[in-house]
Amino acid sequence: MDFTYAPAPESRSIVDLKASYGLFISGQFVDGHGSSFKTISPATEEVLAEVAEADDADVDAAVKAARRAHTRVWSRMPGSERAKYLYRIARIIQERSRELAVLESLDNGKPIKESRDVDVPVVAAHFFYYAGWADKLEHAGFGTTPLGVAGQVIPWNFPLLMLAWKVAPALACGNTVVLKPAETTPLTALLFAEICQQADLPPGVVNIVTGAGGTGQAIVAHPDVDKVAFTGSTEVGKAIARAVAGTGKKVTLELGGKAANIVFDDAPIDQAVEGIVNGIFFNQGHVCCAGSRLLVQESVADELLERLKRRMGTLRVGDPLDKNTDVGAINSAAQLQRIRELSDVGEAEGAGRWSPPCELPDRGFWFPPTIFTGVSQAHRIAREEIFGPVLSVLTFRTPSEAVEKANNTPYGLSAGVWTEKGSLILHMAGALKAGVVWANTFNKFDPTSPFGGYKESGQGREGGRHGLAAYLKGGDL
Ligand code: NAD
């Protein structure tokens, strides 16, 4: 029986898009001294708004505002008072959740069901969670003295969530912040600035400066920034580590990953297939902890791949605002280019490439869910972060071979283990060099749980009690 697909688009009328946006400094939106840039919808290439590009003088003004607010107001305020502001922000995020979700999907390209059901609720949860710590710092074990001004630079894959991971613990500990969102996704950070105004947050406690790498460099290099918190690529993370070396600035780096999702032969196959799909196709695979390397035990590989392909055939790729969409748009033309190039390399190196038949929209940036089979350890698609909806499949015979293959990477952010045996889960969790190991699930984020990497995946932890250490004097883990 034929049926015609009926889309279920979320209305974008709830979002009040402005033609242009300034910088948020000292509680006000101000014009920048520099030029401006356009932010577009990656699903349609429509220009959404013109956004100010902060130059060195703007960054300096933001840092000065943050310093004033820190010295005069925020660090003097009792934790119980700071908590009230954080609770208020958390509640406003909940109240304006639909607006935030629609704007995030428009600017980023991620499916509305993810921004609505994952990103925004977890963002609110982070503010609630750290609000709870603000008056209990003496019980956390990392001291109670804030660092001062935190310079924070974040990527485009979870624009609002990465903001929450950075801003909520910093403020709870009594720091003030200058935050730069990524140049392709500035809009929800600017809406968050409006939320700070609505919450009556004292001017200068949160400052948002928009721009590209140059603006980020100006924040990192500013002499009056006490702490640099960065999430992004390993390459830029290394440059930042070099820039702050010897300055006395405290630094946390949350960088790239190439996680192994390991399926043993006793795992419930259908659940594992859901976990694999979630691991690599959630957020178009633009996830630092994406399960981009599937390691499957040889005896179940054929059956698992058959079921995985069947499941991939049901994924709906398209309009991020359609409530049925599973895989949205690739965030930028540049990222699409990187995914295409590395995928072509995979084919040239001899791996088998497969995607389900799926129609991609004519405009915008799209890449179909893709798997590569017959991948070997030496292949670039097994080694390099692809940051897209592309899965490399490798096989193993024994647990020790799985551990050896999983750890054979310069990264160490996350891993997944699928088995019915608790003892095997514990063994693998101990043996895998990864900051997070999920068992019989994947991509679960909770504000109470610390997150961070080993090796080239970064240093420091965000989230949970451990996340406070990054924003307190003497709070080394
Ligand atoms: P990116 O490193 O290119 O950019 C990240 C941010 O840094 C952007 O705001 C960018 O403008 C800014 N920037 C660029 N050059 C800079 C410089 N020299 N100095 C200061 N700031 C600079 O990364 P991206 O492409 O936006 O994000 C994708 C990367 O982020 C992936 O590698 C991914 O794994 C990583 N990531 C890591 C985590 C984590 O928690 N470990 C979370 C999300 C994303």
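For clarity, every value in this text was computed on a predicted model and none was experimentally measured.

Thresholds, definitions, all that
Residues numbered from 1 in each chain as written. Predicted model: local features only at pLDDT ≥ 70, side-chain atom pairs only at ≥ 80, totals over all residues. Heavy atoms only, no water. Helix = DSSP H or I, 4+ residues; strand = E, 2+ residues; numbered from the N terminus. Rg over C-alpha atoms; globule rule 2.2 N^0.38 Å. Buried < 20%, exposed > 50% of the residue type's maximum accessible area, 1.4 Å probe, protein only. Contact = heavy atoms within 4.5 Å. Areas by Shrake-Rupley, 256 points an atom, 1.4 Å probe, with all protein chains shown as cover. Pairing = 2+ DSSP bridges. Axes fitted to C-alpha atoms, helices over the stretch in contact; angles between N-to-C directions. Polar contact = N/O pair within 3.5 Å; in protein donor to acceptor, adjacent residues only side chain to side chain. Near = heavy atom within 4 Å. Nonpolar A, V, L, I, M, F, W, Y, C, P; charged D, E, K, R; others polar. Domains from an automatic or database assignment. Lys, Arg positive; Asp, Glu negative; His and termini not counted. Salt bridge = Lys/Arg side-chain N within 4 Å of Asp/Glu carboxyl O. Buried area = accessible area lost by both parts, 1.4 Å probe. Core = buried A, V, L, I, M, F, W, Y, C linked by side-chain atoms within 4.5 Å.

What follows covers the overall build of the chain. From N to C terminus, the chain includes 15 helices and 18 strands. Taking 477 residues into account, the globule formula puts the C-alpha radius of gyration at 23 Å, and the chain, at 22 Å, falls close to it. Looking at the chain as a whole, 59% of its 477 residues are labelled buried. Here the contacts in the chain between residues at least 6 apart in sequence split such that 76% fall between residues at least 24 apart. Entry remark: accessible area of the chain is about 18,100 Å², with carbon and sulfur atoms responsible for 51%.

Further remarks concern the sheet that holds strand E11 (residues 260-263). One open sheet holds the seven strands; their spatial order is E13-E14-E15-E12-E11-E16-E17, and the pairing between them is mixed. Of all the strands in the sheet, the pair left with one neighbour each is strand E13 (352-354) and strand E17 (436-439). Neighbour to neighbour, the strand axes of the sheet diverge by 20° on average, direction disregarded. Of the strand pairs in this sheet, E11 and strand E16 (residues 414-418) are connected by four bridges, and their pairing is parallel. By the bridge assignment for E16, Asn-261 is matched with Gly-416. Along the sheet face, helix H13 (residues 399-407) touches E11, strand E12 (293-297) and strand E15 (390-396) and points at about 170° away from the line of E12.

Along the chain, the position of Thr-234 falls in helix H8 (residues 234-244). Within the structure, the side chain of Thr-234 is placed 3.3 Å from the backbone nitrogen of Gly-256, a separation counted as a polar contact. Beyond its immediate stretch of four places on either side in the chain, Thr-234 contacts Leu-255, Gly-256, Tyr-411 and Glu-456.

With that settled, consider the site of the ligand. Neighbouring the ligand are 28 residues, the closest being Ile-154, Glu-183, Ser-233, Leu-255 and Glu-385. Take Glu-183: an N or O atom from its side chain is 2.7 Å from an oxygen atom of the ligand. At a separation of 2.6 Å, an oxygen atom of the ligand approaches a polar side-chain atom of Glu-385. For the ligand, whose unbound accessible area comes to 850 Å², protein coverage reaches 89%. Of all elements in the fold, only helix H7 (213-221), strand E9 (227-231) and H8 reach the threshold of two or more residues within the shell around the ligand. If you tally residues by element for the shell around the ligand, the top one is H7, at three residues. Grouping the amino acids of the shell around the ligand by side-chain chemistry returns 16 nonpolar, eight polar and four charged. Each of domain 1 (20-255 + 455-471) and domain 2 (260-439) accounts for three or more of the residues forming the shell around the ligand.

Turning to the pairing of strand E5 (residues 47-52), a few remarks are in order. Relative to E5, strand E1 (residues 20-21) runs parallel, the two sharing two bridges. Among the inter-strand pairings, Ser-20 is bridged to a residue of E5, identified as Glu-50. Here strand E4 (residues 36-40) runs beside E5; their pairing, made up of five bridges, is antiparallel. Counted as the bridge partner of Thr-39 is Ala-49 from E5. Taking the residues that link successive antiparallel strands as the turn, the E4-E5 hairpin has six residues, and the phi of Glu-45 there is positive, at about 65°.

The subject of this paragraph is the side chain of Arg-82. With respect to the helices and strands, the residue Arg-82 is situated in helix H2 (residues 79-95). For the buried residue Arg-82, which engages in no salt bridge, the nearest side chain bearing the opposite charge is Glu-138, 8.4 Å off. Not counting residues up to four positions away in its chain, the partners in contact with Arg-82 are Trp-74, Met-77, Ala-134, Leu-137, Leu-171, Ala-172, Cys-173 and Gly-174.

A few words now on the sheet that holds E1. Taken in spatial order, the three strands line up as E1-E5-E4 in an open sheet, and their pairing is mixed. The open sheet has two edge strands with one neighbour each: E1 and E4. Against the sheet, helix H6 (residues 187-198) engages E1, E4 and E5, with an angle of about 65° to E5.

The next subject is the domain arrangement of the chain. Segmenting the chain into domains produces domain 1 (20-255 + 455-471) and domain 2 (260-439). The straight-line distance from the C-alpha centre of domain 1 to that of domain 2 is 30 Å. The interface of domain 1 with domain 2 comprises 29 residues on the first partner and 32 residues on the second. Both sides together, the interface formed by domain 1 and domain 2 hides about 2,500 Å², and carbon and sulfur atoms give 56% of it. The three residues of domain 1 that bury the most area against domain 2 are Trp-156, Lys-455 and Ser-457, which together make up 21% of that side's buried surface. Counting the contacts that link domain 1 with domain 2 gives one salt bridge. For the salt bridge of Asp-326 with Lys-113, the shortest nitrogen-to-oxygen distance reads 2.5 Å. For the pair domain 1 and domain 2, the interface holds 17 residue pairs in polar contact (both at pLDDT 80 or more).

Here we take up the nonpolar core. Across soluble globular proteins, nonpolar side chains show a tendency to be buried alongside one another. Ile-93, Phe-127, Phe-192, Val-206, Ile-208 and Leu-308 are the most contacted members of the largest nonpolar core, which totals 112 residues. With residues near it in sequence (within four places) discarded, Phe-127 still touches Leu-86, Ile-89, Ala-90, Ile-93, Leu-163, Ala-164, Val-167, Ala-168 and Phe-192. Counting 29 residues, the second-largest nonpolar core is a separate cluster that includes Leu-295, Ala-351, Phe-367 and Ala-415.

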